[in-house]
Amino acid sequence: MTQVPYAEALLALATMEGGPEHPPDAVEPEDFVLCELGDHDESAEHAGHLWTADTPDDQDLWLLWSGTGAHRVHRLDMLRLCPAVLRELATRTVTTCAFFDHHPGPHSFSVTDPLGDLIAARVHTEARRLVSEGDAPARLTLPSRPTPLACPTLLVRPMPPARSTAPVPPVGPKPPTPPTPTRPDGDDRRIPAPWTSAPP
């Protein structure tokens, strides 16, 4: 993980072909990017996708870096997409590699996302807890287990400072439903209140 060099990223987004109309909307000063390449040799650069260019030649803006701490070196580069595809005959689906051409390591359709797996496990655990305590919303849709990384964009932004809010009063039990009125003569047919008899 590395911090996105804000000024350089803004310049690259503003000058690239097929870049965003308003570059400050695409990147913020405190953005971080994770290496998306999965396991690869330490001699290879780490890489994080920044922008998908709207051009016919399939080039995207990537942030590449190597080293750590004060020895970290980074560069921004427009790179062509990897031409590899995964064809599944049983489902007749075709998945393209979301990385750049000649990337180190496996293709994107073979890379799993451990951070996504941890987040999904936490969501499932919390949802089960809410359901068991009866606090679940009326309709609860759980996300499916993450599949191999398909979308290359993963920007990590710092959490905004917490705001103090007034405590929400606990919701008590519902008031009891009043009994349904019946006829004084013992007839078990229900009649609306206030105990009026039907006209003859």
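Definitions and cut-offs
Residues numbered from 1 in each chain as written. Predicted model: local features only at pLDDT ≥ 70, side-chain atom pairs only at ≥ 80, totals over all residues. Heavy atoms only, no water. Helix = DSSP H or I, 4+ residues; strand = E, 2+ residues; numbered from the N terminus. Buried < 20%, exposed > 50% of the residue type's maximum accessible area, 1.4 Å probe, protein only. Contact = heavy atoms within 4.5 Å. Areas by Shrake-Rupley, 256 points an atom, 1.4 Å probe, with all protein chains shown as cover. Arc of directions from axis to C-beta. pLDDT = per-residue confidence, 0-100. Pairing = 2+ DSSP bridges. Axes fitted to C-alpha atoms, helices over the stretch in contact; angles between N-to-C directions. Salt bridge = Lys/Arg side-chain N within 4 Å of Asp/Glu carboxyl O. Phe/Tyr/Trp six-rings, centres within 6.5 Å; stacked < 30°, edge-to-face > 60°.

Moving on, we come to the overall build of the chain. Check the secondary structure of the chain and you find two helices and eight strands. The linear arrangement of helices and strands in the chain, starting from the amino end, is β-α-β-β-β-β-β-β-α-β. Counting across all 200 residues of the chain, residues that qualify as buried make up 26%. For the chain, restricting intrachain contacts to residue pairs at least 6 apart in sequence, the fraction spanning at least 24 positions comes to 45%. Per element, the accessible surface of the chain, about 14700 Å² overall, is 58% carbon and sulfur.

What follows concerns helix α1 (residues 6–15). Along α1, the positions that sit buried rather than exposed are A9, L10, A12 and L13. For α1, the angular spread of buried residues about the axis comes to 165°, placing them on one side. Exposed residues lying more than 90 degrees from the buried face of α1 are A7, L11, A14 and T15. Where α1 is buried, its residues contact β3 (46–52), β4 (59–66) and β5 (73–80).

Summing up the model confidence of the chain, the mean pLDDT is 74 and the portion of residues at 70 or higher is 67%. Counting contacts from residues 138–169, a segment whose pLDDT is below 50, to residues more than four positions away or on other chains yields 43 contacts. The low-confidence segment residues 193–198, where pLDDT is below 50, has four contacts with residues more than four positions distant or belonging to other chains.

Taken in spatial order, the three strands line up as β3-β4-β5 in an open sheet, and their pairing is antiparallel. Every other strand in the sheet has two partners, leaving β3 and β5 as the edge strands with one partner each. Averaged over all neighbouring strand pairs, the angle between strand axes comes to 25°, with direction disregarded. Examined bridge by bridge, β3 and β4 share six bridges and lie antiparallel to one another. Within β4, the position partnered with H46 by the bridge is W65. Along the sheet face, α1 touches β3, β4 and β5 and points at about 20° away from the line of β5.

Here the focus is the pattern of salt bridges. Enumeration according to the criterion identifies three salt bridges in this entry. The salt bridge partner of D77 is R75, with a shortest N-O separation of 2.8 Å. Of the residues examined, D77 reaches a relative accessible area of 26% and is grouped as partly exposed. Note that E126 and R129 form a salt bridge whose closest N and O atoms lie 2.4 Å from each other. Pair noted here: E126 and R129 are both in helix α2 (residues 114–133), with a separation of three residues, about one helical turn. The exposure class of E126 is partly exposed, given its relative accessible area of 30%. Taken together, the shared-partner salt bridges in this structure form one network comprising E45, R75 and D77.

Looking now at the pairing of β5. The pairing of β4 with β5 spans eight bridges and is classified as antiparallel. Bridge pairing in β5 links Q59 to R80. Between the end of β4 and the start of β5, which pair antiparallel, lie six residues, with G67 showing a positive phi angle near 80°.

This part takes up the packing of aromatic side chains. This structure, assessed with the given rule, holds two aromatic pairs. Note on W62 and F99: the rings are 6.4 Å apart at their centroids and 75° apart in plane angle, and the pair reads as edge-to-face. Of this pair, W62 sits in strand β4 while F99 sits in the loop between β7 (93–96) and α2, and the two are 37 residues apart along the sequence. Neither residue differs from the other here; W62 and F99 are each classed as buried. Each ring, one from W62 and one from F100, has its centre 5.1 Å from the other, and the planes form 75°; the classification is edge-to-face.

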